[in-house]
Structures are given as C-alpha cells and as structure tokens.
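Structural characterization, general
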Amino acid sequence: MSELSGKVQTVLGLVDPDQLGRTMTHEHLTMTFACCYFPPPQGDEAVAENPFQMQHMHWLRQNPYSCHENLLLQQEVPAVRDELLAYRKAGGGTIVENTTTGIDRDLPTLKQLSKDTGVHVIAGAGYYVDCTHTEATKRMSVEKLTDIIVSEVLHGADGTDIRCGVIGEIGTGWPITESERKVLRATAHAQTQLGCPVIIHPGRNPTAPAEVLRILQEAGGDISKTVMSHLDRTIFDDGELLEFAKLGSYLEYDLFGTEMLDYPYNLEVDMPSDSQRVKTLALLVKEGYGDKVLVAHDIHTKNRLTKYGGHGYSHILKNIVPKMLMRGISQHQVDKILIDNPKHWLTFK
Ligand SMILES: CC(=O)NCCS(=O)(=O)O
C-alpha cells in the first residue's frame, strides 16, 4: 500500500482527510489567463486599457476577458493572502488550486500562502487546454505524459519538491484535440497507478463532459473519483444534466459569483445567476445526487477579488450557503457538499 493511501496531499505534505474542513474544490490563487484574452466590444478599447476604476467595475464584470491586466491574477499575491485569511475566518479550511501547466502554476507561492494563512492548499498536476500546450508537449507520447504527471504527484513539479494532490484541471476544448486526448489518456493511466483524484475542464458544448468521461473510461480511469467542472456554463437542460449525472462523476458548479450577459467564448450560452445555480443544486440533491455535488468560485481574474469590488473566495460560505438553506437544501446536505464530498474525492485510494 502506498504512503498516499487514505491521505490527502497538500502543498505542505500529507494530511488526514478529516482535517480539511469546508473545501472549495476549484479555485486559482495565482495564474495567468492570457491564453484566453478576448478583444473588447468595438468602441470599448479605451476602457479596456484602463479598467480598474470605480466607474468601470460593471464593464469589467461584463467583459472580464477583454482586459489584459485583468488576466494576470499572479500579480495579486498580497491581496490573495488577505482573502485566504478572510476565508479562514468565514469557516473555510481548504482550497483546491487548479492551476496546471500552461497557465503559470507557481508552487512555491502556493506553499507560502498556505503557511501564511493556515488554509490547506492542494495543487494540480497535468496540462491545461491545447492552445497552451508547447510543441514539445504535443510531440510527447501518452507514456511520457503519464510519467510526468505521476512524477508531479510523487516527487514534485516545476523543478521543486512540492507535490501535487490532484490531477487537473485537465483542459479540454470542443472539439477535443488530439493533444488533449493524449493528455486525457495519460491522466487515466496516472490515476490508475496513483489512485488519485482527477478534475476536468470540459469544452463549451453540452456533449463535451460525457465525451471526456468516455475517453477517460476507455483508458481505465476511475470516473467515480473524477470531477466534471464548469457545469454551470456547459449543460443547461435539466434532463440532459440528470442523464449526465448517471455516468457517476462528481458534478461541480464552480462559477458562483460570475454574472455576465454575453459569455464571449460561446454566445449561445446564457450564464446562470447564483440563484439559478442554487436551484440546480437543489434539483440534483432531490434527484439523489447529493453525494456527488461540489461547489467553488473558480476565481481566475483580478476583478473577482474583494480588492476590486468582487465577491472573493468567501462568497459561497457567506452568501450562497444561507440561500441554499432558504431553498430547502438541509444543513446536513450543505455539509456534504462543502465537507464530505470534497474529502472523499481528495483522499487517495
Ligand atoms: C481557469 C478556467 O479555466 N476557468 C474557466 C473559465 S470558463 O469560461 O468557464 O471556461
């Protein structure tokens, strides 16, 4: 039996799963999202150049990806440290930091943030979406990719001895590219060796999540230990959602706090409000999927930090939990979503 078995691996080492407490399973503390810059609407170029003023905050919420500076979360380490202290005060215990290769993972900073704040931080192994894969990555065999991912968990990543505790977020687009398929197969092979948690960023099409699970399953992956992220911007029809839920992965609503009229990466998408997200969680619980639901904010741009008038990492604990209770989700069920489900997912087999 490996030393990881029955434990959770944080950036500060192995911990007992009962120590995690309330857990956000999909956040970023330091990363760059420059890969996904989207040009501003015509006529808004001047605002986009200089957006961090009070009168531009609404614009920034509507167009977060159209300002280069907004995509550089890695410049905000002191603000993130303050946010983590506030998160602890609000009752938070753990954050899964989903930054993988391609969007500037910074393990020494994650380790320091965890030491400074007492929040458990779990880092992600593997690769983000195709446009961030280097030519060298694209040329690698599945076996080579598997070895790298396994080593990031067992020995440390990016030339450090800081070890990752999950694989992901593994990035996929729509359609899924050949390079992304190889990374998915490598993810499944690494998961088979390690018995570890996996988390997926699906493409923006309602059929993308099921297709990813199919590829993972064919390569031997453990779907019951895999999280499907970003369902709030991916599957909109309740019937389709319940069909997808039958496949057995964790179901993650991780864009809490995001309000935007036009979702630039897919204009077909109507981004739900937080109230609509809570309604969907209540549906999943009622239909018997309460032990599969996970939640987070997926903070990946500056404007979502409280420093810039955003909701911050404590929004779910402070505002969404009361709303969940008001909409008939029991305290017992809330505790499952925030404590028990993350704990079971994050514990190595
Ligand atoms: C960092 C990341 O991948 N966030 C997801 C943004 S998306 O617009 O929901 O795809």
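A brief report on the enclosed structure follows. (Residues numbered from 1 in each chain as written. Predicted model: local features only at pLDDT ≥ 70, side-chain atom pairs only at ≥ 80, totals over all residues. Heavy atoms only, no water.)

Quick notes on the site of the ligand
Here is the rule: Put simply, a residue is near a molecule or strand once any heavy atom of it comes within 4 Å of that molecule or strand. Polar contacts, as counted here, are pairs of nitrogen or oxygen atoms within 3.5 Å of one another; within protein the pair requires one atom able to donate a hydrogen and one able to accept it, and residues that are adjacent in sequence qualify only if both atoms are side-chain atoms. Only the protein chains shown count as cover for residues, and all accessible areas are computed by the Shrake-Rupley method using a 1.4 Å probe. For this classification, the nonpolar set comprises Ala, Val, Leu, Ile, Met, Phe, Trp, Tyr, Cys and Pro, the charged set comprises Asp, Glu, Lys and Arg, and every other residue, Gly included, is treated as polar.
Near the ligand lie 14 residues; those nearest to it are Tyr 128, Arg 204, Arg 233, Tyr 263 and Asp 298. Tyr 128 is positioned with one of its side-chain polar atoms (N or O) 2.5 Å from an oxygen atom of the ligand. Between the ligand and the protein, one listed contact pairs an oxygen atom with a side-chain N or O atom of Tyr 263 at 2.5 Å. Alone, the ligand offers 310 Å² of accessible surface; in the complex the protein occludes 100% of this. Of the residues contributing to the shell around the ligand, the split by class is 6 nonpolar, 4 polar and 4 charged.

Examining the side chain of Lys 302
We count it as follows: Secondary structure elements are taken from DSSP: a helix is a run of H or I of four residues or more, a strand is a run of E of two residues or more, and numbering for both begins at the N terminus. For every residue, the accessible area obtained with a 1.4 Å probe (protein chains only) is divided by the maximum for its type, and the residue is called buried under 20%, exposed over 50%, and partly exposed between those limits. Should any heavy atoms of two residues lie within 4.5 Å, those residues are considered in contact.
Within the secondary structure, Lys 302 sits in the loop between strand E10 (293-295) and helix H11 (315-326). For Lys 302, a relative accessible area of 1% corresponds to the buried category. A distance of 3.0 Å separates the side chain of Lys 302 from the side chain of Glu 69, its partner in a polar contact. Among residues more than four places away in sequence, those in contact with Lys 302 are Phe 52, Glu 69, Asn 70, Leu 72, Leu 73, Gln 75, Glu 76 and Tyr 308.

Some points on the nonpolar core
Using the following cut-off: In these notes, a set of buried Ala, Val, Leu, Ile, Met, Phe, Trp, Tyr and Cys residues joined through side-chain atoms within 4.5 Å is what counts as a nonpolar core.
Ranked by internal contacts, the top residues of the largest apolar core, which has 96 residues, are Leu 29 and Tyr 313. Residues in contact with Leu 29, not counting those within four places in the same chain, are Leu 73, Val 80, Leu 84, Ile 95, Glu 97, Leu 110, Leu 113, Val 121 and Tyr 313. Within the second largest apolar cluster, 12 residues are counted, among which are Val 15, Ile 122, Val 166 and Val 227.

Side note on the pairing of strand E6 (residues 166-171)
Put simply, the rule reads: Strands pair, by our definition, only if DSSP identifies at least two bridges between them.
Within E6, 6 of the 6 residues are buried, which leaves it mostly tucked inside the rest of the structure. Two strands pair when backbone bridges link them, and strand E5 (residues 120-125) and E6 are joined in this way by 2 bridges, in the parallel orientation. Bridge assignment links Gly 124 to a residue of E6, and that residue is Val 166. As judged from the 3 bridges shared by E6 and strand E7 (residues 198-201), these two strands associate in the parallel manner. Residue pairing in the sheet places Gly 171 in a bridge with His 201 of E7.

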